[in-house]
Structure formats: C-alpha cells, structure tokens
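If you want the building blocks of each chain, they are given just below.
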Amino acid sequence: MGYYLADKIFPNWSTFVKTILKPLGAKRKYFASKQESARKDVERVFGVLQSRFAIVREPVRYWDEETLTNIMKACIIMHNMIIEDDGAINLGFDHEREVNSFISVSYSEIPELHDFLQTHNRIRDRATSSQLQENLVEHLWEQYGSRIISFELLMSS
C-alpha cells in the first residue's frame, strides 16, 4: 500500500506520513526536515497540475494503481507540452457534449465491495501509521544519516 506525505491536519491513517512535530534526536530531526521539504515540493507540483486538470482534483478511491499512474503521467506530459507551446495547444474537447452526456448507473451487486471495505479499514489503522513513520525514520537514517554525522564531525574539527 502506498502512502502520502502529509501535514498535521490529516488523520493518523496508514496512508499518511506526517512530520514529527517536536523531533528529539538526530534521526527524527533529519526525518522531519526531509519529510517537510519533500511534502512542500509535492504540494507545489500538485497545485500546478490541479489548476490545469480537473481529473487530478477528484477523489481516486475506485481507480487501480496502474490507472492512477497513467493519469498522472498523461497530465505531466500535457503540462509540459503546454509549457513548451506557450498554451497554444487545442485538445479538441467538446465541453457541451461532455457536460450533457448521460451516465449509466448499475444497481447490481458489487463483488469488490468486501475488498474495498477491508482496504478502507487497513487505511484507517493508526498502529500501521505509527509503524510506517518509524520504519521511514530508520530507513532514511540508514541511507543518509552516516553522511550527516561524518559532515558534522568534519566541520567541528
């Protein structure tokens, strides 16, 4: 299951990795600074894409990971094309036809509902959220922490 970098306003769910508000120790301070920096970068990128493409603003609960990946890649590619062409692109979207088209609704049983509910409950698990954050603190420190200590020792001598 993937996760999102989030700030303190989000709930403690297993899909949100929040910063540590008052980090104690080098590991947690390093994690907090890197998490906040990456989260701000991602927020800027999504802000740009959301302002351009409505599909990025909509909920994604029912789409699979491959579809989401394709949507995001398509939006990024189109954004880059627009930037390159200074907005001179015409995608041929017929707004009137799309707005007035009918949506068919199925009332049959949904076989995936049970799986959806199980996933929903796993997402809201606070214990998994805490464990994910702790695992990420350790992973980040294992990957880069020794470099920080070496740099600090070098600077202090």
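Residues numbered from 1 in each chain as written. Predicted model: local features only at pLDDT ≥ 70, side-chain atom pairs only at ≥ 80, totals over all residues. Heavy atoms only, no water.

Glancing now at the overall build of the protein chain. When you go through the protein chain residue by residue, the secondary structure sums to six helices and two strands. Overall, the protein chain shows an N-to-C arrangement of helices and strands of β-β-α-α-α-α-α-α. Buried residues in the protein chain amount to 17% of all 157 residues. In the protein chain, 54% of the contacts between residues at least 6 apart in sequence involve partners at least 24 apart. In the structure as shown, the protein chain presents an accessible area of about 12700 Å², 56% of it carried by carbon and sulfur atoms. (Helix = DSSP H or I, 4+ residues; strand = E, 2+ residues; numbered from the N terminus. Buried < 20%, exposed > 50% of the residue type's maximum accessible area, 1.4 Å probe, protein only. Contact = heavy atoms within 4.5 Å. Areas by Shrake-Rupley, 256 points an atom, 1.4 Å probe, with all protein chains shown as cover.)

V17, I20, Y30, F31, L132, L136, V137, L140 and W141 together form the largest nonpolar core, which totals nine residues. Counting only elements with at least two residues in this core, the list comes to α1 (26–52) and α6 (126–156). A total of five residues in this core trace back to one element, the largest contributor, which is α6. The residues contacting L140, other than those within four sequence positions of it, are Y30, F31, K34 and G145. (Core = buried A, V, L, I, M, F, W, Y, C linked by side-chain atoms within 4.5 Å.)

With that settled, the discussion passes to the packing of aromatic side chains. Within a pair of aromatic rings, the relevant descriptors are the distance that separates the centres and the angle that separates the planes. Scanning the model with the defined rule gives three aromatic pairs in all. Measuring from centroid to centroid gives 4.9 Å for F10 and F16, while their planes differ by 55 degrees, and the two rings are tilted. The class of F10 is partly exposed, set by a relative accessible area of 34%. Taking 6.2 Å as the distance between ring centres and 75 degrees as the angle between the ring planes, the aromatic pair formed by Y30 and W141 counts as edge-to-face. You can see Y30 sitting in helix α1 and its partner W141 sitting in helix α6, a full 111 residues away along the chain. Each member of the pair, Y30 as well as W141, is classed as buried. Put simply, the rings of F10, W13 and F16 touch in pairs and so form one group of aromatic residues. (Phe/Tyr/Trp six-rings, centres within 6.5 Å; stacked < 30°, edge-to-face > 60°.)

Now for α1. Given a rise of 1.5 Å per residue, 27 residues ought to cover 39 Å, and the 40 Å separating the end C-alpha atoms of α1 matches this to within 8%. Looking at α1, one finds that the buried residues are Y30, F31, A32, Q35, R39 and L49. (Expected span 1.5 Å × (residues − 1).)

Take the environment of Y30 next. Overall, Y30 belongs to the buried group, its relative accessible area being 15%. Y30 sits 114 residues away from Y144 along the chain, and the two C-alpha atoms are 9.2 Å apart.

Residues Y3, L5, V42 and F46 make up a contiguous nonpolar surface patch of roughly 320 Å² in combined accessible area. Position of F46 relative to the elements: it lies in helix α1. (Patch = residues over 30% accessible without salt bridge, like charges linked within 9 Å, V, L, I, M, F, W, Y side chains within 5 Å. Salt bridge = Lys/Arg side-chain N within 4 Å of Asp/Glu carboxyl O.)

Looking now at the confidence of the model for the protein chain. Confidence in the prediction of the protein chain, expressed as mean pLDDT, is 77, and 75% of residues score 70 or more. At the level of individual helices and strands, the protein chain shows its lowest average pLDDT in helix α4 (residues 95–99), which scores 49, and its highest in α1, which scores 86. Taken together, the stretch residues 87–91 has pLDDT below 50 and engages in four contacts with residues farther than four places along the chain or on a different chain. (pLDDT = per-residue confidence, 0-100.)

Moving on to the side chain of S129. Relative to the assigned elements, S129 resides in helix α6. With sequence-adjacent residues up to four places away left out, S129 is seen in contact with N12, W13, S14 and F16.

Secondary-structure assignment places Q35 in helix α1. For Q35, a relative accessible area of 4% translates into the label buried.

A complete count under the given rule lists five salt bridges for this structure. A salt bridge links E43 to R39; the shortest N-O distance between them is 2.9 Å. Note that E43 and R39 are positioned in helix α1 at a spacing of four residues, about one turn of the helix. Salt-bridge contacts for R44 lead to D41; the nearest nitrogen and oxygen are separated by 2.8 Å. Here D41 and R44 lie together in helix α1, a separation of three residues that amounts to about one turn. Judged by relative accessible area, which is 42%, D41 ranks as partly exposed. What you see here is one network of salt bridges that share partners, running through D7, R39 and E43.

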